[in-house]
Structure formats: C-alpha cells, structure tokens
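Geometric and topological summary
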Amino acid sequence: MGNLEDIVEHMRRFSWPDYLVFVMMLFLCILIGIYFGFMQRKPSTESEYLMGGRTMLVFPIALSLIASFISGITLLGLPTEVYSFGIQYVYVSLGVITMGFVMGFIYLPVFHKLNITSTYEYLETRFDRRLRMFGSIMFTIMNIGYLPIVIYVPALAFNQVTGVNIHVITPIVCIVCVFYTCVGGLKAVVWTDVVQTFSMFGALVLVAVKGTIDLGGSDIVFRNAWDTGRLERPNFDINPTTRHTIWSQLIGGFVYWLQTNAVSQNMIQRYLSLPSVKAGRRALWIFVFGVCVLMALCSYNGLLIYATYRNCDPLTTKLAKAKDQLLPLFVMDILGELPGLPGLFIAGVFSAALSSLSTCLNSMSAVILEDFVKPFVKKPLSQRAVNWIMRSVVVGVGALCAALVFVVEKMGTVLQLTMSLEAITNGPLLGTFTLGILVPWVDANSALTGGIVGVLFMSWLSLKAQYAVATGAIVFPHKQMSTDECTYEFEHTLANTTISSSVTAEEIFPLFRISYMWYTFLGAAVTILVSLGYTLIFGRNNPRSIAPDLLAGFVRRYVHRDTVDGDINGKANLNNLAQNHCSNGDMLNESQL
C-alpha cells in the first residue's frame with residue numbers, strides 16, 4: 001500500500017509522445033491561421049474577417065457551433081456532475097431540442113434578414129442607441145468573466161497529468177489562440193473548430209471504449225449506476241429549489257440555451273455568416289444533434305468513472321485535488337501506459353477551450369468595432385484602421401483573460417458557477433431581445449428600465465446564492481460514495497472535512513435556494529415583466545410604426561395583417577438604415593421607420 005503522494009506522481013506519466021501530440025494540435029491551429037491570414041488571395045476586409053464574406057458552408061459552421069459552445073467546462077464538468085449527482089442534469093437535452101424549434105422559426109429569420117454584423121445592432125434599430133450600448137456592455141462583461149474560466153479548466157487537466165503549473169500553460173495556449181484568431185479571422189476560427197470538434201469527439205470516444213473494456217463491459221457500468229441512483233428517471237418535483245428536475249431542465253434549460261445560441265454574438269455571428277436562413281436552420285439542427293451526442297458521451301464517461309472508482313472515491317481521498325480534475329485522473333489511470341493517448345485526450349480538452357476562446361475573441365472584435373467605435377466616429381474608418389482595431393481587440397482581450405486566470409483559480413468547481421454567473425447578463429439580454437421581436441408596443445425607455453432592473457436583480461440573486469454555496473450554508477448531497485477498498489493511504493481527517501456554516505439552508509431566503517437552472521429564466525422574466533409594467537409610465541409604441549423585418553413572422557402577420565406581403569417596404573428601409581448606422585451612427589426615430 002503506497003501513500004497518496006506516490007500514487008499522484010506515478011499517474012503523471014505524460015511522456016514525450018504525449019507532448020508531441022499536444023504540440024502538433026497547437027501547431028495545426030497555427031498553420032490554419034497562417035493559411036487564411038497570408039495564403040488566401042481574398043482582400044482583408046471587415047466582412048471577410050468577421051463574417052467569412054457571408055458565404056460559409058453549413059457543415060463547417062455547424063461543427064464550429066458545437067466546438068464553440070462545448071468548452072472544457074462541459075468536457076470536464078459534466079462527467080464530474082454525473083459522477084457526483086447522477087444523470088438528472090442530462091435531461092437538459094430536451095430543452096436543447098425545444099430551443100432548436102423556437103430559434104429556427106422566431107429568432108434566426110429576424111437576424112438573418114437584417115444583414116447585420118453585431119447582434120446588438122438590432123437593439124438600436126428596434127429601440128435606440130442606449131439599448132445597443134446596454135446589450136454590448138452586458139456581452140463584454142459576460143465574456144471577460146467567462147473566458148478565464150474557459151482557459152483555466154483545461155489548464156487544471158494539464159496540471160493533473162503533467163504537474164506543470166497552470167500559469168505556465170495558460171499563456172502559451174492563449175498566445176496560440178490569439179495568433180490564429182488575429183491573423184486568420186472567422187475562417188481560421190471555423191476551420192480550427194472543425195479540427196477541434198473531431199479531436200473532442202475522438203478523445204471522449206477513446207476514453208469511453210478503453211474504460212469500458214478495462215471494466216468488463218457496459219452492463220457493469222449501467223448496473224452500478226442504477227444501484228446507486230445515478231441512472232435515474234426524470235424528477236417531476238415542482239419545487240424550484242430542487243437542484244435538478246425535469247421542469248428546470250426542460251424550461252430553465254430551454255431558456256438558457258436559447259439565450260446562448262439565439263441572441264449571443266458568439267453564436268449568432270456564425271449563423272449570419274451563412275448565405276441563407278435555410279442554411280442557418282440546417283446548421284442549427286446539426287448543432288442540436290451534435291451537442292446531444294456529446295453530452296451523452298460525457299455523461300457515460302461520468303458513469304464509467306464511478307463504476308471504476310466506486311469503492312475508492314478519489315474526491316474524498318483528495319487523489320483528485322479539484323472536482324474538475326476527476327476525468328484527467330481517470331484518463332491517466334486507463335491510458336497512462338499507452339504513449340500518445342493521454343496527449344490525444346488533453347489535446348481534445350484544449351481543443352474545446354481553444355474553440356470557445358477563439359469564438360469569443362472574434363465576436364469581441366466585432367462588438368467593439370461595430371458598437372463601441374463606429375457609432376462614435378464622425379468620419380468613416382479606413383480599412384487599415386478597421387483591421388488594426390479588430391486585431392488589437394483580439395490581442396488585448398486575450399492578454400486580459402490570461403491574467404484573470406489568477407482570479408478564477410480561487411473560485412472552485414465550474415459547471416454550476418459558470419451558469420450562475422452568466423445568468424446575471426444572459427437573462428436580461430434574452431428578455432430585451434424577446435421584447436423587441438415579440439412585443440412591438442414596448443418602447444426604448446421601458447425596455448432599458450426592464451434590462452437594468454433585470455441585471456441588478458440577477459446580480460443580487462446569483463452572488464448571494466453563490467456566497468451561500470461557498471460558505472457551506474447550502475450543500476448539495478452527493479450520491480453514494482465509498483473509500484472502503486482504497487489501496488493507498490490518505491488522510492482520513494482531511495477527507496472528512498467539510499465546510500461548515502453557522503447558517504442552515506432553511507434559514508436562507510428561499511429565493512437564494514432556487515436552482516441555478518432557473519436563473520436565466522428568472523432574469524428574462526423580470527426584464528420582460530418590468531418593461532411591460534413601465535409601459536404604463538412611459539407609454540406604448542404604435543406597433544405599426546415598427547418595421548416588419550424587426551418582428552417575428554407571426555407577430556408581423558398580426559400587426560401588419562392588412563398589407564399584401566407583410567413587408568411595407570420594411571426591407572428597403574432597414575437596408576438603408578443599416579448603412580446609415582455603419583457610416584455615421586445616427587439614432588433612429590419613428591419617422592424613419
């Protein structure tokens with residue numbers, strides 16, 4: 001029987017073939033950036049850099065969408081979630097499928113018809129410049145908070161298998177990502193995402209197959225999962241404080257994924273790079289299918305990890321020092337003696353991080369240019385100035401996010417934390433866009449008030465709830481764990497240590513105990529309800545004054561039902577208005593519409 005330190009050192013068998021595989025993945029990303037940045041003959045215009053000339057192909061964009069959304073947070077966080085709490089979270093796939101229908105028929109056609117670059121241009125066209133700035137600022141804050149987590153998670157995995165300090169590897173990876181995003185633009189981002197998607201799926205399949213073979217078959221995995229309640233039917237409890245129920249996953253999950261996929265610049269920019277709405281819908285359904293398959297793979301790996309460690313929990317013994325190091329530990333356990341395969345897995349995890357990071361950097365350059373620079377310059381920018389601004393944003397934000405990893409390191413487990421903090425801005429943004437597309441009588445003053453109240457409310461709720469979790473006042477019970485058959489020595493006193501709090505869960509205000517899966521829904525609902533309420537103070541728009549192309553199809557048909565084609569020259573007006581925005585940033589008023 002060895003001690004814990006010896007076991008940890010023994011499992012760090014990252015050999016030179018592993019490093020070679022990992023470096024080759026980074027080098028391939030650099031080559032793709034060089035190709036699209038220097039080898040192609042097309043001019044380096046803003047449309048080419050940010051939107052791929054709006055002529056991208058469906059399949060690469062769909063894979064890019066999958067890679068962009070599925071970060072290392074999901075690849076490492078979801079197996080740990082299933083290992084600790086069971087598969088209840090995975091029923092969120094029902095919400096993902098629902099999102100596909102709603103986005104494809106309500107949100108996507110509106111954005112695609114407007115021929116915009118920044119999603120938040122819509123808010124100025126529909127409301128006024130203040131709403132556009134509100135949306136852009138919320139997006140910027142969210143991304144700057146999200147990106148360091150995206151970088152930190154795979155660095156944890158790398159630390160688990162190599163012992164290399166996370167603050168050594170994160171700057172290296174950031175430099176590579178900044179380089180190919182900076183020089184190659186959207187096309188480089190998309191095609192590196194294609195490579196990285198195959199790398200992600202390959203890594204997960206490799207772990208699932210090898211782990212199942214070592215264990216003796218998938219029937220053992222499912223039997224152990226069923227016996228301990230990890231493989232379970234949907235929970236139909238209507239209590240919103242229950243961490244995961246079928247209602248929180250279906251309704252709350254649908255709203256969360258709708259915001260992230262339907263109105264966030266990170267994702268919608270890819271849909272708008274396709275030539276038609278029909279192509280966008282095809283990419284959307286490939287994305288939905290791919291995400292569901294990937295979540296199923298992650299979940300199976302979580303059950304597989306439990307079946308392997310069911311009698312010696314590495315989280316209790318601290319063999320895995322952080323929850324999100326559980327999957328890398330398992331990988332080194334089953335693949336460590338096969339040179340190159342641990343490197344392939346780590347390359348897959350970093351691929352997920354690079355794809356999300358490059359997507360956000362590219363989107364940030366679009367938002368900064370379109371929303372923070374162009375509306376405030378008196379003369380049109382030269383192409384050279386545009387190129388300099390776009391690339392400077394990529395470099396600056398990349399450097400900032402690498403520095404913020406020092407902050408994220410202190411924050412603990414990431415899956416719930418990420419969704420909770422994102423909801424501060426996600427819910428109010430979704431509510432604001434939904435008001436614009438579905439509620440034509442709400443004006444700019446009411447929408448802005450609702451958005452601000454929504455952000456303040458969600459900041460109060462999310463931060464208070466996360467503090468209660470961090471101090472141990474709110475504790476989520478894990479599924480059955482055991483250390484009865486561990487073959488190594490560990491400190492039992494350390495293993496039994498839990499965070500204690502002088503405040504019990506029952507004493508906490510019930511709203512702080514509500515499931516994090518409802519946060520985005522709550523943020524959107526508060527924004528919409530407050531905005532509707534303030535129409536009694538600020539007054540109502542005349543719905544017919546809103547250009548048809550700014551509204552969802554069924555709303556447009558109702559508001560403009562007496563027109564022949566439901567367009568009343570809306571498209572021509574909007575094209576002219578969009579050109580005016582980009583050139584001089586003029587505010588819109590009802591007479592223009």
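The structure displayed is predicted, hence computed values, not measured ones. (Residues numbered from 1 in each chain as written. Predicted model: local features only at pLDDT ≥ 70, side-chain atom pairs only at ≥ 80, totals over all residues. Heavy atoms only, no water.)

**Some details on the overall build of the protein**
Test applied: We count a stretch as a helix when DSSP gives it H or I for four or more residues in a row; a strand needs E for two or more, and each element gets its number in order from the N terminus. We get accessible surface area from the Shrake-Rupley algorithm with a probe of 1.4 Å; when it comes to residues, only the shown protein chains can shield them.
When you go through the protein residue by residue, the secondary structure sums to 23 helices and two strands. Of the roughly 23200 Å² of accessible surface on the protein, a fraction of 65% belongs to carbon and sulfur atoms.

**Side note on helix α16 (residues 341–373)**
Quick reminder of the rule: By definition here, a helix of n residues has an expected span of 1.5 Å times n minus one. We call a residue buried when its accessible area falls under 20% of the maximum for its residue type, exposed when it is over 50%, and partly exposed in between, using a 1.4 Å probe and counting protein chains only.
Here α16 is 33 residues long and its end C-alpha atoms lie 46 Å apart, about the 48 Å a rise of 1.5 Å per residue gives. Burial within α16 is extensive, with 30 of its 33 residues counted as buried.

**Observations regarding the environment of F350**
Stated precisely, the cut-off is as follows: Any two residues whose heavy atoms approach within 4.5 Å at even a single point are treated as in contact.
Structurally, F350 is set in helix α16. On a C-alpha basis, the gap between F350 and V173 in space is 8.4 Å, while along the polypeptide they are 177 residues apart. Residues within four places of F350 in sequence aside, it is in contact with F22, M25, P154, A155, F158, I169 and V173.

**A few points about the nonpolar core**
Soluble globular proteins tend to pack their nonpolar side chains together in the buried interior. To keep things clear, this is the line we draw: For our purposes a nonpolar core is just a set of buried Ala, Val, Leu, Ile, Met, Phe, Trp, Tyr and Cys residues, chained together by side-chain atoms within 4.5 Å.
In terms of nonpolar packing, the biggest core is built from 188 residues, with M99, F111, Y122, W257 and F287 touching the most fellow members. The biggest single contributor to this core is helix α9 (residues 166–215), with 19 residues.

**What about the packing of aromatic side chains?**
Stated precisely, the cut-off is as follows: Aromatic contacts are taken between Phe, Tyr and Trp rings whose centres are within 6.5 Å, Trp giving its six-membered ring; a plane angle under 30 degrees counts as stacked, one over 60 as edge-to-face, and the others as tilted. Here, over-ring charges are defined by two tests on the NZ atom of lysine or the CZ atom of arginine: distance to the ring centre within 6 Å, and angle to the ring normal within 35 degrees.
Taken as a whole, this structure holds 20 aromatic pairs when the rule is applied. Of the aromatic side chains, those joined through ring pairs into one cluster are F111, Y120, Y122, F139 and F433. One cation-aromatic arrangement involves R230 over Y83; the distance from NZ or CZ to the ring centre is 5.8 Å. When the ring centre of Y306 is taken as reference, the NZ or CZ atom of R230 above it lies at 3.6 Å.

**Details of a nonpolar patch on the surface**
Note the threshold: What goes into a patch is any residue over 30% in relative accessible area without a salt bridge, connected to like charges within 9 Å or, for nonpolar side chains (Val, Leu, Ile, Met, Phe, Trp, Tyr), within 5 Å. When a carboxyl oxygen of Asp or Glu lies within 4 Å of a side-chain nitrogen of Lys or Arg, that pair is called a salt bridge.
A contiguous nonpolar patch, built from F236, I238, W247, I251 and F521 and spanning about 510 Å² of accessible area, is present on the exposed surface. Judged by relative accessible area, which is 74%, I238 ranks as exposed.

**Points about the confidence of the model for the protein**
The test is simple: As a per-residue measure, pLDDT reflects the predictor's confidence and takes values from 0 up to 100.
On average, the protein scores 83 in pLDDT, and the residues at 70 or more come to 87%. For the protein, helix α23 (residues 570–584) is the element with the lowest average pLDDT, namely 44, and helix α21 (residues 519–538) is the one with the highest, namely 94. Counting interchain partners and residues more than four positions distant, the pLDDT-below-50 stretch residues 495–502 has ten contacts. For the stretch residues 564–593, pLDDT sits under 50, and the model shows 50 contacts to residues farther than four places along the chain or on other chains.

**Notes on the pattern of salt bridges**
Oppositely charged side chains may form a pair once their charged atoms are brought near each other. Enumeration according to the criterion identifies nine salt bridges in this entry. Among the ionic pairs, E81 bridges to R243, the shortest N-O distance being 2.8 Å. With E81 in helix α5 (residues 72–85) and R243 in the loop between α10 (218–227) and α11 (246–263), the pair connects residues that are 162 residues apart, well separated along the chain. There is no split in this pair, since E81 and R243 are both buried. One salt bridge connects K374 with E370, and the closest N-O pair in it is separated by 3.4 Å. Connected through shared salt-bridge partners, E124, R129, R132 and D371 make up one network.

**Brief notes about the environment of T316**
Under the convention used in this document: The term polar contact refers here to a pair of N or O atoms within 3.5 Å; inside protein, the definition further demands a hydrogen-donor-capable atom paired with an acceptor-capable atom, and it admits residues adjacent in sequence only when both atoms are side-chain atoms.
In this fold, T316 is placed in helix α14 (residues 314–317). T316 gets classed as partly exposed once you look at its relative accessible area, which sits at 23%. Considering only alpha carbons, one finds T316 and E491, 175 residues apart in sequence, at a separation of 9.7 Å. Looking at T316, its side chain comes within polar contact range of the side chain of D313, at 2.4 Å.

**With respect to the side chain of D443**
Formally: Within this scheme the basic residues Lys and Arg register as positive and the acidic residues Asp and Glu register as negative, but His and the chain ends are omitted.
Among the structural elements, D443 can be located in the loop between α18 (415–438) and α19 (444–470). One buried charged side chain, D443, makes no salt bridge at all; its nearest oppositely charged neighbour is R130, positioned 7.2 Å away. A distance of 2.9 Å separates polar atoms of two side chains, one belonging to D443 and the other to S446. Once residues within four sequence positions are removed from consideration, D443 is found in contact with F127, F538, G539 and N541.

**Regarding unusual backbone geometry**
One non-glycine residue, N115, lies in the positive phi region at around 60°. Among the structural elements, N115 can be located in the loop between α6 (92–114) and α7 (121–126). The phi angle at K318 is positive, at roughly 70°, despite the residue not being glycine.

**Some thoughts on the state of the cysteines**
Cysteine pairs can be covalently joined through their sulfur atoms, and such a bond is termed a disulfide. Counted only if it meets this: Cysteine sulfurs are considered disulfide-paired once they come within 2.5 Å of each other.
Counted under the stated rule, the structure contains one disulfide. The disulfide partner of C312 is C486, and the gap between their sulfur atoms is 1.9 Å. Residues C312 and C486 are joined through a disulfide that is right-handed, its torsion about the S-S bond being 105°. Taken together, the positions of C312 in the loop between α13 (277–309) and α14 and C486 in the loop between α19 and β2 (488–489) put the pair 174 residues apart, joining distant regions of the chain.

**Structural notes on the environment of S459**
With respect to the helices and strands, S459 occurs in helix α19. We classify S459 as partly exposed; its relative accessible area is 21%.

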